[in-house]
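Structure assessment
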Amino acid sequence: MRRLVGERAGGRCEYCLIPEQMTLAAHEIDHIVALKHGGATAPENLALSCVLCNKHKGTDLASIDVETGELTALFNPRRDAWSDHFEVHGEELVPKSAVARVTVRLLQLNHPRRRAERRLLVAAGLLPGPR
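Residues numbered from 1 in each chain as written. Predicted model: local features only at pLDDT ≥ 70, side-chain atom pairs only at ≥ 80, totals over all residues. Heavy atoms only, no water.

1. Describing the packing of aromatic side chains
- In the structure shown here, the tally under the stated rule is three aromatic pairs.
- Between the aromatic rings of Phe75 and Phe86, the centroid separation amounts to 5.3 Å while the plane-to-plane angle is 75°, which identifies the pairing as edge-to-face. Here Phe86 lies in strand 5 (residues 86–89) and Phe75 lies in the loop between strand 4 (71–73) and helix 3 (82–85), a separation of eleven residues in the sequence. As far as burial versus exposure is concerned, Phe75 and Phe86 are alike and both buried. (Phe/Tyr/Trp six-rings, centres within 6.5 Å; stacked < 30°, edge-to-face > 60°. Helix = DSSP H or I, 4+ residues; strand = E, 2+ residues; numbered from the N terminus. Buried < 20%, exposed > 50% of the residue type's maximum accessible area, 1.4 Å probe, protein only.)

Below, the structure is given as structure tokens:
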């Protein structure tokens, strides 16, 4: 199952897009809907996740959107298209939706260390560049 999930993701974290070969620790398999919330260990509920994204996401399914105050579902790689929700502007992941806003905040995708990492990956041509 890990091979299927990894190949489907192209070897990249499905949340931040970092290639697995550029990380010190192997990417992990994330239950998009955690087992404790009734999620299954099945391909349609699994995503490839870097250690940092998986650590910050944990078993969360949603968070409060600070712009609207509404409970908003996190990005779901099996349901949502990454490019519909996020853009890369230099080293920053810019949310294009409420789903992206809560995901960027909860997974700390624009933390200074993540931004520095992304800047290097964009410069090396391993992530999409600024738009």
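2. Some remarks on unusual backbone geometry
- Notably, Leu17 is not glycine yet its phi reads approximately 75°, a positive angle.
- Tracing the sequence through the fold places Leu17 in the loop between helix 1 (2–8) and strand 1 (28–31).
- We note that Gln108 has phi near 55°; this positive angle belongs to a residue other than glycine.
- The topology assignment puts Gln108 in the loop between helix 4 (98–106) and helix 5 (112–123).

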